[in-house]
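Notes for the structure review
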Amino acid sequence: MADMGAFRQAVIEWAAGGPGDQARDLAVMAGVRAVVLLEGPSDVAAVDALAARRGRDLAAEGVCVLPMGGAMSVGRFAGLLGPSGLGLRLTGLCDERERGYYARGWERAGAAPEGYFVCAADLEDELIRALGPTRVQELVRAEGDLRPLRTFLRQPAQQGRPAGQQLRRFFGTKKGRKIQYGRVLVEALAPDRVPAPLDDLFATL
């Protein structure tokens, strides 16, 4: 079976203006049936972590988890991959402020409007609220990031802000940290505490 990673890369190159023949061929060879459109790699890390916890191999199931490099690209990816393109089933996660991009992209691609799921702020916010700030701080300590967190919290801009907002902002202060904690937070969730948008996404896969 063709590698799902090769299909993912071919789609990214296609969306950037390259030819689509390779993506079309790999979709058939890899048995792709659905694509999860996500804003970036931290969302992918969270989805992959939950799949592992639930004993699911999404690639083997014909599901491609695809980071788009920003929600504004969703129209392009949906058009290439959805009913008006390769004919694959579309699903995904977006932030509330990005709902409009997804709604327009889904409509133009002829995809079912209920196919994507909306996080209140973003997926990190959903995960922090599901775990609670105290538990998240314990995980930060376990990851060896307590000292940089304390330094961050001493910044004037963080004074008086809710703990959840502080943690969410902290995860975005260093390259790769959001990806790291996308995985860490999901792995720490109790089975009945998976945020609704993420749980609903998996229910469709």
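A few points on the structure.

Basis of the calculations
- Residues numbered from 1 in each chain as written.
- Predicted model: local features only at pLDDT ≥ 70, side-chain atom pairs only at ≥ 80, totals over all residues.
- Heavy atoms only, no water.
- Helix = DSSP H or I, 4+ residues; strand = E, 2+ residues; numbered from the N terminus.
- Buried < 20%, exposed > 50% of the residue type's maximum accessible area, 1.4 Å probe, protein only.
- Contact = heavy atoms within 4.5 Å.
- Pairing = 2+ DSSP bridges.
- Axes fitted to C-alpha atoms, helices over the stretch in contact; angles between N-to-C directions.
- Lys, Arg positive; Asp, Glu negative; His and termini not counted.
- Salt bridge = Lys/Arg side-chain N within 4 Å of Asp/Glu carboxyl O.
- Polar contact = N/O pair within 3.5 Å; in protein donor to acceptor, adjacent residues only side chain to side chain.
- 1 Å grid on protein atoms, 1.4 Å probe; cavity = no way out; pocket = protein on both sides within 12 Å on 5 of 7 lines; lining within 4 Å.
- Points joined across faces, edges and corners; volume = space filled by probe spheres on them.
- Nonpolar A, V, L, I, M, F, W, Y, C, P; charged D, E, K, R; others polar.
- Right-handed = clockwise from strand over helix to strand, strands pointing away.

1. Looking at the side chain of Gln-166
Structurally, Gln-166 is set in helix 9 (residues 163-171). Residue Gln-166 is classed as buried on the basis of its relative accessible area, which comes to 13%. Among residues more than four places away in sequence, those in contact with Gln-166 are Phe-152, Leu-153, Gln-158 and Arg-161.

2. Describing the sheet that holds strand 3 (residues 89-95)
Across the sheet, four strands lie side by side as 2-1-3-4; this open sheet has parallel pairing. Two strands in the sheet have a free side with no partner beyond their single neighbour: strand 2 (63-67) and strand 4 (116-119). Mean inter-strand twist for the sheet, computed between neighbouring axes without regard to direction, equals 15°. Relative to strand 3, strand 1 (residues 34-38) is paired through four bridges, and the arrangement is parallel. Opposite Leu-37, over in strand 3, you have Gly-92 as the bridge partner.

3. Points about the side chain of Arg-177
Structurally, Arg-177 is set in helix 10 (residues 177-188). One buried charged residue, Arg-177, remains without a salt bridge, the closest side chain of opposite sign being Asp-145 at 4.1 Å. In this structure the side chain of Arg-177 is engaged in a polar contact, spanning 2.8 Å, whose partner is the side chain of Thr-173. Leaving out residues up to four positions away in the same chain, Arg-177 has contacts with Asp-145, Pro-148, Phe-170 and Phe-171.

4. Section: empty space enclosed by the protein
Applying the stated criterion across every chain yields a total of one cavity of 30 Å³ or more. Glu-39, Asp-43, Leu-93, Cys-94, Asp-95, Glu-98, Cys-119 and Leu-123 are the residues that line the largest cavity. Tallied by class, residues from the lining of the largest cavity come to four nonpolar, no polar and four charged.

5. Quick notes on helix 6 (residues 123-131)
Across the nine residues that make up helix 6, a large majority, eight, are buried. Of the residues making up helix 6, those classed as buried are Leu-123, Glu-124, Asp-125, Glu-126, Leu-127, Ile-128, Ala-130 and Leu-131. Between the side-chain oxygen at the start of helix 6 and the backbone nitrogen of Glu-124 there is a gap of 3.3 Å, and the oxygen is on Asp-122. After helix 6 finishes, the residue Gly-132 shows a positive phi value of roughly 90°.

6. Side note on the pairing of strand 4
As paired elements, strand 3 and strand 4 share four bridges and run parallel to each other. Counterpart to Cys-94 in the pairing with strand 4 is Val-118. For the crossover from strand 3 across helix 5 (residues 99-109) to strand 4, the handedness is right-handed.

7. Some details on the layout of surface pockets
Roughly 290 Å³ of internal volume is contained in the largest pocket. Residue lining of the largest pocket: 14 residues in total, with Glu-39, Ser-42, Asp-122, Glu-124 and Lys-178 positioned closest to the centre. For the lining of the largest pocket, the leading source of residues is helix 3 (residues 41-53), giving three residues. Across the lining of the largest pocket, the residue classes break down as three nonpolar, three polar and eight charged.

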